Amino acid sequence: MRENSQQLFDKAQQFIPGGVNSPVRAFKAVGGTPVFMKSAKGPYLFDEDGNRYIELINSWGPMVLGHAHEIIEKAVSDALQRSFSFGAPTRKEVEIAELIVLMVPSVEKIRMVNSGTEATMSAIRLARGYTGRDKMIKFEGCYHGHGDSFLIAAGSGAVTFGTPDSPGVPKGVANDTLTARYNDLEHVKELIEANPNQVAAIILEPVAGNMGCVVPDPAFLKGLRELSTRNGILLIFDEVMTGFRLSRGGAQERFGVMPDLTTLGKIIGGGMPVGAYGGRKEIMDYVSPAGPVYQAGTLSGNPIAMAAGYAMLDYLNTHPETYQTLEDIGQKLATGIKNSLQKTGLSYTLNHIGSMLTLFFTDKAVFDFESAKTSDTALFGRYFHEMLNQGVYLAPSQYESLFFSTALTDAHIALILEANENALKKISR
Ligand code: PLP
């Protein structure tokens, strides 16, 4: 049924570590062989064996309008006529910067990079340079890409594979990363008090997606804002997942809490490799060549990536109804999945906000990393495969969020809910 995927994976393992170019793709957390994809359109993925799947990850977030949306296809094909890279400034970079500043409330200036990892690494360097302090506070289970400073109690693939503290991170670097419990303001206060005038930044996913979907208590975000301001610390929202997804202006707009710096990725590139970091003018003007903090990139602001990103953001900016559509899809799926769960007697917690959702197999509320880890990951693995075999493609790990796209119609939602009910029945036997 998936023989070509199997053959490709066998060969891939000879030439690529673990057979994949990013760890979670390997299906290690759920067992079995990763599915090798050949094409995608709208809400569907098509694999190398000709199987079709309804897509609930959307390239881990970027494809918020579904795959190969015609507006983005056209923008990329037009840009291709004019060269793939200049290494010199272009009009589109100015236009996308202006658009991001218009859409994301706290961002006054923005620098484009090539990935979310680059965005967070650069933002932390900037925060350290700006404040003259070395330490930062991050939260257990949050993932901010694979920069050394962030691979301490990290989420996503790092926790999936049991390496939240990766070998290879120098002790000196690790010592400057303080970790706090998500949704626990008191813990943050204690860390700040124990490290007076030493903390440059507090960085967090304002809605976590990398320990599964974990929603913040609004008072937690407001409290972090106050603590940061009072102690001369920069508050960084890592909106690589939530930016342009949870609202036009991201989680900061949804919760009404403004960070000093914001990191972006995924949707901002419309599926091309793009990241960005931005924030208040006086902080961003510390970045080279305006200021002393160095950061650069040969392919940063790449014209093809900018064309795709601009087309995506322009569409979202001019079609605000997109966000209501995403809310409705998320609500219908959450309600439907819960209805089926209640019939099975399985222990579960379903965390959901907008178009992000995670089903945890636990009877505990999930509000931080410790509670996320109470879920039955073996049961999740069985659920994942039951869904896959019925043509629904989920994130292959318990510690990830699903991301919905506007390409899902009521008919797709009905198919997903039917598959979900069948899968839950099978695994609860
Ligand atoms: N920050 C968050 C919140 C993420 O979810 C991710 C990736 O999933 C990153 C940063 C890193 O982005 P990238 O994989 O583009 O380097």
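The numbering scheme is per chain: residues are counted from 1 as the chain's sequence reads. Reporting of local features is limited, given that this is a predicted model, to residues whose pLDDT is at least 70; pairs of side-chain atoms are given and counted only at 80 or more, and all residues count toward the totals for whole chains, interfaces and linings.

The name an unreviewed UniProt entry gives the protein chain is Glutamate-1-semialdehyde 2,1-aminomutase, with Ravibacter arvi as the organism. Per UniProt, the protein chain carries the Subcellular location (unreviewed entry) text "Cytoplasm". UniProt positions are given in the numbering used here, feature names are shortened, and annotations may be inferred rather than shown by experiment. According to the UniProt record, the Cofactor (unreviewed entry) comment for the protein chain is "pyridoxal 5'-phosphate".

(A) Main features of the overall build of the protein chain. Only DSSP runs of H or I with at least four residues qualify as helices, and only runs of E with at least two residues qualify as strands; both kinds are numbered from the N terminus onward. Regarding its fold elements, the protein chain presents 15 helices and 14 strands. For this measure, only C-alpha atoms enter the radius of gyration; the expected value for a globule follows 2.2 Å times N^0.38, where N is the number of residues. For 429 residues, the compact-globule formula gives about 22 Å, and the C-alpha radius of gyration of the protein chain, at 21 Å, lands near that figure. Summarising its shape, the C-alpha atoms of the protein chain cover approximately 60 × 55 × 45 Å along the three principal directions. Partly exposed residues are those whose C-beta has more than 12 but fewer than 20 other C-beta atoms within 10 Å; with 20 or more the residue is buried, with 12 or fewer it is exposed, and the C-beta atoms are placed from the backbone. Counting every position in the protein chain, which comprises 429 residues, the buried fraction comes to 51%. In this description, any two residues whose backbone-derived C-beta atoms lie within 7 Å of each other are considered to be in contact. Of the contacts formed within the protein chain by residues at least 6 apart in sequence, a portion of 74% connects residues at least 24 apart.

(B) View of the environment of Gln7. Mapped onto the secondary structure, Gln7 falls in helix α1 (residues 3-15). Taking C-alpha positions, Gln7 is 33 Å from Glu70, a pair spaced 63 residues apart along the chain.

(C) Spotlight on the UniProt feature "modified residue: N6-(pyridoxal phosphate)lysine" (unreviewed entry) in the protein chain. Taken from the UniProt record, the annotation "modified residue: N6-(pyridoxal phosphate)lysine" (unreviewed entry) applies to Lys266. Within the secondary structure, Lys266 is located in the loop between β9 (261-264) and β10 (275-279). Here Lys266 is in contact with Trp60, Gly61, Pro62, Gly116, Val240 and Met241, once residues within four sequence places are set aside.

(D) Fine view of the site of the ligand. Placing the C-beta atom from the backbone, one calls a residue near a molecule or strand if that atom lies within 6 Å of it. By nearness alone, 17 residues border the ligand, and Ser115, Gly116, Thr117, Gly145 and Val240 come closest of all. A total of three residues in the shell around the ligand trace back to one element, the largest contributor, which is helix α4 (residues 116-131). In the shell around the ligand, the residues fall into four nonpolar, eleven polar and two charged. When residue character is reported, Ala, Val, Leu, Ile, Met, Phe, Trp, Tyr, Cys and Pro are called nonpolar, Asp, Glu, Lys and Arg charged, and the others, Gly included, polar.

(E) Quick look at the sheet that holds strand β4 (residues 109-113). Two strands qualify as a pair provided DSSP detects at least 2 bridges between them. Taken together, the seven strands give an open sheet; going across it, the order is β4-β10-β9-β8-β7-β5-β6, and neighbouring strands pair in mixed fashion. Every interior strand has two partners, whereas the edge strands, β4 and β6 (177-180), have only one. The mean angle between the axes of side-by-side strands here comes to 20 degrees, regardless of whether they run parallel or antiparallel. One ladder, built from four bridges, connects strand β7 (residues 199-204) with strand β8 (residues 234-238); its direction is parallel. Of the residues in β8, the one forming a bridge with Leu204 is Phe237. Helix axes use the C-alpha atoms of the stretch in contact, all axes being lines fitted to C-alpha atoms, and the angles between their N-to-C directions lie in the range 0 to 180 degrees. Running over the sheet, helix α3 (residues 91-103) touches β4 and β10 and is turned about 125 degrees from β4. Packed on one face of the sheet, α4 meets β4, β5 (135-139), β7, β8, β9 and β10 and runs near 165 degrees to β9.

(F) The packing of helix α12 (residues 321-344) against helix α15 (residues 410-427), seen in detail. Relative orientation of the contacting elements α12 and α15 amounts to 25 degrees, with a least axis distance of 9 Å. Accordingly, the angle class assigned to the pair α12 and α15 is roughly parallel. Here the hand of the crossing between α12 and α15 comes out right-handed. The segment α12 lies against α15, with Ile329, Lys332, Leu333, Gly336, Ile337, Ser340, Leu341 and Thr344 engaging Ile413, Ile416, Leu417, Asn420, Glu421, Leu424 and Lys425. Its residues assigned to classes, the contact of α12 with α15 comprises eight nonpolar, four polar and three charged. Any angle from 65 to 115 degrees is called roughly perpendicular, while one under 35 is roughly parallel, one over 145 is roughly antiparallel, and all others are oblique. Working rule for handedness: look at the near helix, and if it is turned counterclockwise from the far one by less than a right angle, call the crossing left-handed; if clockwise, right-handed.

(G) Representation of the pairing of β9 in the model. Here β9 shows two buried faces, one formed by Leu261 and Thr263 and the other by Thr262 and Leu264. Two strands pair when backbone bridges link them, and β8 and β9 are joined in this way by three bridges, in the parallel orientation. Within β9, the residue paired with Asp238 across the bridge is Thr263.

(H) Fine view of the sheet that holds strand β14 (residues 402-403). The strand order across the open sheet built from three strands is β11-β12-β14, with neighbouring strands paired in antiparallel fashion. Each edge of the sheet is formed by a strand with only one pairing partner; in this case those strands are β11 (349-353) and β14. Judged from the five bridges that link them, β11 and strand β12 (residues 356-360) form a sheet pairing that is antiparallel. Bridging from a neighbouring strand, Asn351 pairs with Thr358 of β12.

(I) Geometry of the environment of Ser247. With respect to the helices and strands, the residue Ser247 is situated in the loop between β8 and α9 (250-255). A C-alpha to C-alpha distance of 9.5 Å links Ser247 and Leu316, two positions 69 residues apart in sequence. Other than its neighbours up to four places away in sequence, Ser247 contacts Glu253, Arg254 and Tyr323.

(J) Seen up close, the packing of α3 against helix α11 (residues 303-318). Interaxial distance between α3 and α11 falls to 9 Å at its minimum, and their mutual angle equals 35 degrees. The hand of the α3/α11 crossing is left-handed. Mapping the contact onto sequence places Lys92, Glu93, Glu95, Ile96, Leu99, Ile100 and Met103 in α3 and Pro303, Met306, Ala307, Gly309, Tyr310, Leu313, Asp314 and Asn317 in α11. Tallied by class, the residues present in the contact of α3 with α11 amount to nine nonpolar, two polar and four charged.

(K) Quick look at the pairing of β4. Counting buried positions over the five residues of β4 gives four, a clear majority of the element. Note that β4 and β10 share five bridges and pair antiparallel. The partner of Lys109 across the bridge, within β10, is Gly279.

(L) Just unusual backbone geometry, in detail. A cis geometry characterises the amide bond from Ser288 onward to Pro289, with omega recorded as 5 degrees. Locating Pro289 in the fold gives a position in the loop between α10 (281-284) and α11. The backbone phi angle of Phe27 is positive, close to 70 degrees, even though this residue is not glycine. Of note, Phe27 is situated in the loop between α1 and β1 (37-41).

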